[in-house]
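Each chain, letter by letter, is given below.
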Amino acid sequence: MITDPNLTLFHIINDMAGKNSALDTAMIFAANYLIYVFCIYLAYTWLAKNEYRQEVLFSGYAALLGLGTNFIINLFYFHPRPFMIPTGTLLIAHAAESSFPSDHATIMFAVSLMLLTFRDLRQSGAVFLVLAFVSGLARVYSGLHFPMDMAGSLLVASLSVGILLALKDYLIPINRIFITYFENIEKKLIRGSLKTS
């Protein structure tokens, strides 16, 4: 009998769901909300650490390019989510749409992998890469995705980062224009608030 390793691994992870309320709650949180830690970190770095705005932009580009790649993949390939087959235990309600690759995981992998390419932010990138794997595991645990969806997301994220690194020398001057424009607006807002205070 031929077994599907993707389905087998899914059941090894997902079969733990629904048996421990504390673990279920932790996994649901990780599946749904860890991505916001990435967003908060990038927003904080952009606003509070001006010297890393280039890095923030590249991280944003990586996430957007990853999402765009996923969109193109979904135009040509559809893979049902576990609950659409149906199989497994579902802990989080979700629309019945293609599961491969995971947009959630793609964003987190793309941001963390891009941060890893910058020496000063490598430590943050390593932490976020661990969080990305945790969230990906949690989404499989919660019945939203198969393990192969996470592997696909990691591949898409890696390709996105690779493309951006190849285009880095062309994008940096564009980033500088955008950053300068933002900083000018920022200075005007600060001057305006000082006048009214």
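Residues numbered from 1 in each chain as written. Predicted model: local features only at pLDDT ≥ 70, side-chain atom pairs only at ≥ 80, totals over all residues. Heavy atoms only, no water.

Novice: When you look at the packing of helix α2 (residues 21–48) against helix α4 (residues 103–116) in this model, what are you seeing that I'm missing?
Specialist: For any two helices packed against each other, one specifies the crossing angle of their axes together with the interaxial distance. Relative orientation of the contacting elements α2 and α4 amounts to 35°, with a least axis distance of 10 Å. Two packed elements cross with a definite hand, and for α2 against α4 that hand is left-handed. Each of A31, N32, L34, I35, F38, Y41 and L42 in α2 lies in contact with α4, whose residues at this interface are H104, I107, M108, V111, S112 and L115. (Axes fitted to C-alpha atoms, helices over the stretch in contact; angles between N-to-C directions. Helix = DSSP H or I, 4+ residues; strand = E, 2+ residues; numbered from the N terminus. Left-handed = near helix turned anticlockwise from the far one by under 90°. Contact = heavy atoms within 4.5 Å.)

Novice: Just checking my understanding: could you explain the packing of aromatic side chains for this structure?
Specialist: To describe a pair of aromatic rings, you give the distance between the ring centres and the angle between the ring planes. Overall, the coordinates contain eleven aromatic pairs when judged by the stated rule. A centroid spacing of 5.9 Å and a plane angle of 75° characterise the contact between F58 and Y61, whose relative ring orientation is edge-to-face. Placement of both F58 and Y61 in helix α3 (residues 53–76) is noted, with a separation of three residues, approximately one turn of the helix. Between F58 and F118 the ring centres are 6.2 Å apart and the planes differ by 55°, which places this aromatic pair in the tilted class. Note that F58 is positioned in helix α3 and F118 in the loop between α4 and α5 (122–141), a separation of 60 residues in sequence. With a relative accessible area of 2%, F58 lands in the buried category. The class of F118 is buried, set by a relative accessible area of 7%. Counting every residue linked through ring pairs, the aromatic cluster contains F29, Y33 and Y36. Sitting over the ring of W46, R53 keeps its end group 5.0 Å from the ring centre. (Phe/Tyr/Trp six-rings, centres within 6.5 Å; stacked < 30°, edge-to-face > 60°. Buried < 20%, exposed > 50% of the residue type's maximum accessible area, 1.4 Å probe, protein only. Lys NZ or Arg CZ within 6 Å of the ring centre and 35° of its normal.)

Novice: Explain unusual backbone geometry to me, please; I cannot follow it from the model alone.
Specialist: Outside of glycine, negative phi angles account for most residues, and trans bonds account for most peptide bonds. Cis rather than trans, the peptide bond between I85 and P86 has omega equal to -5°. Note that P86 resides in the loop between α3 and α4. Omega for the bond connecting F100 with P101 falls within 30 degrees of zero, at -15°, which places this linkage in the cis form. You can see P101 is positioned in the loop between α3 and α4.

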